[in-house]
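Each chain, written out:
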Amino acid sequence: MRHFAALVAKLGTTTKTNEKLDALVQYFSVADDRDKVWVIAIFSGRRPRRAVNTTQLATYCVELAKLPFWMFDECWHTVGDLAETIALLLPENETAYNERRDDERPLYYYIEQLKRIEKEEEPVRKKFIVESWAELNRSERFVFNKLITGSFRIGVSQKAMVNALAKATSAEASVIAHRISGNWDPGTITFDELTGDEAHATDLSKPYPFYLAYALEDEPASLGNPEDWQVEWKWDGIRGLIIKRQGELFVWSRGEELMTEKFPEYHSLQYLLPDGIALDGEIISLPPAEAGATTFRRPLPFSSLQTRIGRKNVTKKQLQEAPAGFIVYDLLEYEGEDWRSRPLSERRSKLEALMAQWNYTALELSPVVRFEDWEELKTLREQSREMNAEGFMIKKRSSIYQVGRKRGDWWKWKIDPLTIDAVMIYAQKGAGRRSGLYTDYTFAVWDGDKLVPFTKAYSGLTDKEFAQVDAFVKRNSLEKFGPVRTVKPELVFELAFEGIAASNRHKSGVALRFPRMLRWRKDKTVTEINTLEDLKRMLEVYGK
Amino acid sequence: MPLIEFTDHGFYCRAGDFFIDPWRPVSKALITHGHSDHARWGSKSYLCHTDTKPILETRLGPGHYETVGYNEPISINGVNISLHPAAHIIGSSQIRLEHKGEVWVVSGDYKLENDGLSGEFEPVKCHNFISECTFGLPIYQWKPQAQIFSDIQQWVLKNKAAGKSSLLFAYSLGKAQRLLPCLAEVTDRILVHGAVYNVHMALVNAGIKLPEVHRVTPDTPKEWLKGAVVIAPSSAEGTPWMRRFAPLATGVCSGWMAVRGAMRRRNADAGFPLSDHADWDGLLKAIKATEAECVYVTHGFTAAFGRYLNEHGFNAKEVKTEYGDDETEEKSTDVLEKLEE
Ligand SMILES: [Zn+2]
Ligand SMILES: [Zn+2]
């Protein structure tokens, strides 16, 4: 557990990518093989199931620390993380710890025990938790608690881990990325099976990692000859991958979630698609195809698809109101062969031929946007919102399909966000990196002479600005409701957002997509902010 | 009328007609310690501990300063006054007032651990105790200084081995001096930012013995800047001033570093939870030792700490003050730190 705690501590403190990489490489070269498999699993979001719930953990903790529950809440609120709060509150016994140090237990021991107690009675679970706390020091306790509560947010990207593994096992990064993505059980697979040479042929579902684009910051003219580039709309859904191998269908989303079950619309593809195929595309709401129609179906706004996400069982009503389709971007595998290293032009013409031949209602080919010069493209981009698109994807025709976010060959050229000026009226302390500071704000616009709250936002300011707003909140609190403070409506912010939809869950009647603070408008007073009328007008224009 | 009243200028003793750590100018101010939020500019006369005077003179300029040592009782308008070590920084004092059998202690800022520089905290019995609670939550439990010093030393040596400078951010009054003996064990030359240097020289000129430091100036030899060991106030963080030490690693010395979120927010390479304030256990221990009938809690987690005290057999009240906390970035607005770059 010591190595793992040290790794997590190191990853948590350093902000430099190469130091993180070094820490991982170092860890992979010293740790137990079984621990390594778990570390790969944990850092790619495959933690063991929660054996004990947070209330129980908190209860055991306050018992040991002899504190009232409200104090635990207060501390949790300040720390922002349950696992860390518990680690900090439990009494530390250095001497006892140092004596035990030599026969410390490995990470996999704790994970196996956590799995074991999952089915046990509460007293058994409690005994294990309390005893484990007693034999671990503060930083180990923190990672132990994290194993239970989940989500190690330590700023390690999949890419960093893949690179570290590639370095530690001297394999190609893309091969490793392919291998560790997909379905495997850290409880049974060995490190060699996971990263060694012979593995993996067996896992049919294994997805290819997505190629992601950076935002284009310069004018597109900087890209040179328009003829070298293929332009498509940037569709606003969930990036997905449809795979069919040996008669089985797999639908992956970004974030490496298998979503096959969630989209019954795709199920016929299991019989329709040929074997050995992988399609990159966008999971999106598409209206049903009309008989005989050959034109591209304009997708529905993202808010429609949202009703489908996060639900295990899809209702008939949802299927009708938010039918899912798949806009196909790219062909990654064909007849069981990896096509990623072929140029986009070749992949695209094959894809076009296949799509023409298939004509399946679940699939829609992402249309290529025709344009003469970059100026024309700029004009065309203005139609993005009408198309329910976020802008353009600009891809070099000669590009191979790379792994992860890469510069140079693929660019996203998004439209400017929608914006509105609003005043902050509530503030709450943030979690994670900014724990302890008031960084989560609720904003309001005028409705007549009343301020009506309509959205929350908690990103977009610099650390310095957050500190200033935090100081303002502390000095200008009007009331406290639990963790929320009502503040004097004085600070005006320009909020940016990607979309707007009608909502009956919100008092204002609207819900924003990806709201964030674009800038602090110190030049504006609360009388100059936008109104609910303005929001409703935006809903009219963009919310359909 | 209680012996101390809480006014919009600060703590006021009507019987003696003076204030303690007032935040607006008054005619007579008793000062617990030299930090800028406790010792503010503009009062006609100041009374403080002998070792606090050089700090006040540097920060506030020439003025009318009277001094007194620890446990040397004096009297003002019939109020008996004595200073007792608060162990927060050099010269920091708890101020004890006694009038007609009523005893009050204003603790200012304090800690219980003896840092080797700021004296040994002295518990003083009283009826009414005014306590800070900067770290008044049970998540704050300090490790012994020796252990943190050893962590800092190992970090410095590791940086040295990697050819990097070690840049430590520490409050220029208190924390910076406290670090010197620790650093002197792992380097022959400690460089300091001008703000730290000003405080240092004020203390040294007043006869306080401290390990030698070198001020960073444009003339500092190039070879000194490579692999250097440097102390700077947090206001220097992220400024071009830092660049001269590249390649470098940064470390923040502050009690807030006990929480990972706070540490990440600082964006430093390392955080050392070294504090000049009492931790949770320290606060409780100090308060208990006073046997006070009433405890007034000021700056910090006053609401939670006060509630906890009330639920555990104390009679506690929250008092609003204008003191800051001298362990955060906000404090980089200190006048002293502004003097330099
Ligand atoms: Zn202080
Ligand atoms: Zn203070």
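Residues numbered from 1 in each chain as written. Chains lettered and ligands numbered in written order. Predicted model: local features only at pLDDT ≥ 70, side-chain atom pairs only at ≥ 80, totals over all residues. Heavy atoms only, no water.

Participant: Report on the overall build of chain A, specifying residues and quantitative values.
Facilitator: In terms of regular secondary structure, chain A is built from 21 helices and 20 strands. Out of the 544 residues in chain A, the part that is buried amounts to 53%. Counting contacts in chain A only where the partners sit at least 6 residues apart, residues at least 24 apart contribute 69% of the total. Here chain A displays about 25,500 Å² of accessible surface, and carbon together with sulfur accounts for 49% of that area. (Helix = DSSP H or I, 4+ residues; strand = E, 2+ residues; numbered from the N terminus. Buried < 20%, exposed > 50% of the residue type's maximum accessible area, 1.4 Å probe, protein only. Contact = heavy atoms within 4.5 Å. Areas by Shrake-Rupley, 256 points an atom, 1.4 Å probe, with all protein chains shown as cover.)

Participant: So what's going on with the interface of chain B and chain A? Which residues, and what values?
Facilitator: Taken together, the contact between chain B and chain A spans 28 residues of the former and 33 residues of the latter. Where chain B abuts chain A, roughly 2,600 Å² becomes buried across the two surfaces, and 52% of that area is made up of carbon and sulfur atoms. On inspection of chain B and its partner chain A, the count reaches one salt bridge. The partner of B:Lys164 in a salt bridge is A:Glu19, and the shortest N-O contact between them spans 3.4 Å. There are four residue pairs in polar contact (both at pLDDT 80 or more) connecting chain B and chain A. (Buried area = accessible area lost by both parts, 1.4 Å probe. Salt bridge = Lys/Arg side-chain N within 4 Å of Asp/Glu carboxyl O. Polar contact = N/O pair within 3.5 Å; in protein donor to acceptor, adjacent residues only side chain to side chain.)

Participant: Tell me about the nonpolar core, and name the residues and values.
Facilitator: One finds A:Phe4, A:Phe43 and A:Ile129 to be the most contacted residues of the largest nonpolar core, which totals 119 residues. The next biggest cluster of nonpolar side chains, apart from the first, holds 32 residues, and it includes B:Ile90, B:Ile190, B:Leu210 and B:Leu274. (Core = buried A, V, L, I, M, F, W, Y, C linked by side-chain atoms within 4.5 Å.)

Participant: Outline the coordination of the zinc ion (ligand 2), supporting the account with residue identities and numerical values.
Facilitator: Residue and element names in this part refer to chain B. Summarising the metal site, the zinc ion (ligand 2) is bound by the protein donors His38 (NE2), Asp109 (OD), Asp109 (OD) and His299 (NE2), whose distances to it range over 2.1 to 2.4 Å. For the zinc ion (ligand 2), the four donor atoms in the first shell make angles of 58 to 133 degrees at the metal, a pattern classed as irregular. Here the zinc ion (ligand 1) and the zinc ion (ligand 2) are spaced 4.0 Å from one another, each receiving a donor from Asp109. Of this pair, His38 sits in the loop between strand E4 (28–30) and strand E5 (45–49) while His299 sits in strand E18 (residues 294–300), and the two are 261 residues apart along the sequence. By the burial criterion, His38 is buried, and His299 matches it. (Donors = N, O, S within 2.8 Å, 3.2 Å for Na, K, Ca; no water. Tetrahedral: all angles 85-135°; square planar, octahedral: opposite > 155°, others 65-115°.)

Participant: Please set out unusual backbone geometry residue by residue, giving values where relevant.
Facilitator: Each neighbour pair has its own omega, and for B:Ala246 with B:Pro247 the value is -5 degrees, a cis peptide bond. Examined against the element boundaries, B:Pro247 turns out to sit in the loop between strand E15 (229–232) and strand E16 (248–253). Non-glycine residue A:Gln246 carries a positive phi angle of around 45 degrees. Positive phi outside glycine occurs at B:Asp21, with the angle close to 45 degrees. Positionally, B:Asp21 belongs in the loop between strand E3 (18–20) and E4.

Participant: I'd like a rundown of the pattern of salt bridges, residues and numbers included.
Facilitator: Per the counting criterion, the structure on display carries 42 salt bridges over all chains. Between A:Arg342 and A:Glu337 there is a salt bridge, with the nearest N and O atoms lying 2.8 Å from each other. The class of A:Glu337 is partly exposed, set by a relative accessible area of 41%. Connected through salt bridges with shared partners, the residues B:Lys111, B:Glu113, B:Asp115, B:Arg178 and B:Asp276 form a single ionic network.

Participant: Tell me what's going on with the packing of helix H2 (residues 17–30) of chain A against helix H11 (residues 158–169) of chain A, and back it up with residues and numbers.
Facilitator: Residues and elements named next belong to chain A. Between H2 and H11, whose axes approach to 9 Å, the crossing angle comes to 45 degrees. Considering their axes alone, H2 and H11 lie oblique with respect to each other. Here the hand of the crossing between H2 and H11 comes out right-handed. Contacts from Leu21, Leu24, Val25 and Phe28 in H2 reach Ala160, Met161, Asn163, Ala164, Leu165, Lys167 and Ala168 in H11. Residue composition of the contact of H2 with H11, by class: nine nonpolar, one polar and one charged. (Axes fitted to C-alpha atoms, helices over the stretch in contact; angles between N-to-C directions. Parallel < 35°, antiparallel > 145°, perpendicular 65-115°, else oblique. Left-handed = near helix turned anticlockwise from the far one by under 90°. Nonpolar A, V, L, I, M, F, W, Y, C, P; charged D, E, K, R; others polar.)

Participant: I'd like a description of the packing of helix H5 (residues 69–79) of chain A against helix H6 (residues 82–89) of chain A, backed by residues and values.
Facilitator: Residue and element names in this part refer to chain A. The interhelical angle for the contact between H5 and H6, taken along N-to-C directions, is 120 degrees, at an axis separation of 9 Å. Relative to H6, H5 is oriented oblique. Viewed along their axes, H5 and H6 form a crossing whose handedness is right-handed. Judged by residue contacts, Phe72, Cys75, Trp76 and Val79 of H5 engage Leu82, Glu84, Thr85, Ile86, Leu88 and Leu89 from H6. Classifying every residue of the contact of H5 with H6 gives eight nonpolar, one polar and one charged.

Participant: Got a sec to walk through the confidence of the model for chain B? Specific residues and values, please.
Facilitator: Residues and elements named next belong to chain B. The predicted model of chain B has a mean per-residue pLDDT of 91, with 95% of residues at 70 or higher. Overall, residues 329–341 carries pLDDT values under 50, and its contacts beyond four positions in sequence, including any with other chains, amount to 34 contacts. ipTM for the predicted complex: 0.92, alongside a pTM of 0.69. (pLDDT = per-residue confidence, 0-100.)

Participant: Any details on helix H21 (residues 532–542) of chain A? Residues and values, ideally.
Facilitator: Residues and elements named next belong to chain A. The complete set of buried residues in H21 reads Leu532, Leu535, Met538 and Leu539. Seen from one end, H21 has its buried residues packed into an arc of 115 degrees, which puts them on one side. Within H21, the exposed residues directed more than 90 degrees away from the buried face are Glu533, Glu540 and Val541. Of the surrounding elements, those touching the buried residues of H21 are strand E12 (418–429), strand E13 (438–447), strand E14 (450–457), strand E17 (492–497), strand E18 (499–502) and strand E19 (510–513). (Arc of directions from axis to C-beta.)

Participant: Describe the packing of aromatic side chains, with residues and values.
Facilitator: Using the criterion set out here, one finds 44 aromatic pairs over all chains in the structure. Their ring planes at 40 degrees and their centres at 4.6 Å tell us that A:Trp233 and A:Phe392 sit as a pair that is tilted. Residue A:Trp233 is located in strand E2 (residues 229–235), and its partner A:Phe392 is located in strand E10 (residues 389–396); the two are separated by 159 residues in the primary sequence. One aromatic cluster in this structure is built from B:Phe6, B:Phe11, B:Trp23, B:Trp104, B:Tyr296 and B:Tyr323. It is A:Arg381 that lies over the ring of A:Trp413; its NZ or CZ is 4.1 Å from the centre. Sitting over the face of the ring of A:Trp520, A:Lys522 holds its NZ or CZ atom 4.2 Å from the ring centroid. (Phe/Tyr/Trp six-rings, centres within 6.5 Å; stacked < 30°, edge-to-face > 60°. Lys NZ or Arg CZ within 6 Å of the ring centre and 35° of its normal.)

Participant: Would you mind going over the pairing of E15(B) in detail, with residue names and values included?
Facilitator: All names here are of chain B. Side chains Val229 and Ile231 project from E15 onto one buried face, and the interleaved Val230 and Ala232 project onto a second face that is buried too. Where strand E12 (residues 165–169) and E15 come together, four bridges link them in parallel fashion. Counted as the bridge partner of Leu168 is Ile231 from E15. Pairing of strand E13 (residues 190–192) with E15 involves three bridges; the strand directions are parallel. Looking across to E15, one finds that Ile190 is bridged to Val229. (Pairing = 2+ DSSP bridges.)

Participant: Hey, could you go over helix H7 (residues 280–290) of chain B for me, with residue numbers and the actual values?
Facilitator: B:Trp280, B:Gly282, B:Leu283, B:Leu284, B:Ala286, B:Ile287 and B:Thr290 are the residues of H7(B) that are buried. On the buried face of H7(B), the contacting elements are H5 of chain A together with strand E11 (128–133), E18 and helix H8 (302–311) of chain B. Looking one or two places after H7(B), you find B:Glu291, whose phi comes out positive at around 55 degrees.

Participant: Help me get a handle on the sheet that holds strand E2 (residues 10–13) of chain B, residues and values and all.
Facilitator: Residues and elements named next belong to chain B. Taken together, six strands build an open sheet; the order of strands is E1-E2-E3-E4-E5-E6 and the sheet is mixed. The open sheet is flanked by strand E1 (5–7) and strand E6 (64–68), the only strands paired with a single partner. If you compare each strand with its neighbour and ignore which way they point, the axes differ by 30 degrees on average. Pairing geometry for E5 and E6, over five bridges, is parallel. When the bridges of E6 are listed, Cys48 appears paired with Thr67.

Participant: Would you mind going over a negative patch on the surface in detail, with residue names and values included?
Facilitator: Residue and element names in this part refer to chain A. A cluster of acidic residues, Glu227, Asp228, Glu372, Asp373, Glu375 and Glu376, forms a negative patch at the surface. Inspection of the secondary structure assignment puts Glu376 in helix H18 (residues 374–381). Look at Glu376 and you get partly exposed, because its relative accessible area is 32%. (Patch = residues over 30% accessible without salt bridge, like charges linked within 9 Å, V, L, I, M, F, W, Y side chains within 5 Å. Lys, Arg positive; Asp, Glu negative; His and termini not counted. Charge placed at Lys NZ, Arg CZ, Asp CG, Glu CD.)

Participant: Tell me what's going on with the side chain of B:Glu5, and back it up with residues and numbers.
Facilitator: Residues and elements named next belong to chain B. Here Glu5 lies in strand E1. Glu5 sits in the buried class, given a relative accessible area of 11%. Here Arg14 takes part through its side chain, which lies 2.8 Å from a polar atom of the side chain of Glu5. Leaving out residues up to four positions away in the same chain, Glu5 has contacts with Gly10, Phe11, Tyr12 and Arg14.

Participant: Which residues make up the pairing of E17(A), and what are the values?
Facilitator: Residues and elements named next belong to chain A. A large share of E17 lies buried, amounting to six of its six residues. With burial as the criterion, each face of E17 is covered, one bearing Val492, Glu494 and Ala496 and the other bearing Phe493, Leu495 and Phe497. Alignment of E12 against E17, held across six bridges, turns out to be antiparallel. Residue pairing across strands places Ala422 opposite Phe493, the latter belonging to E17.

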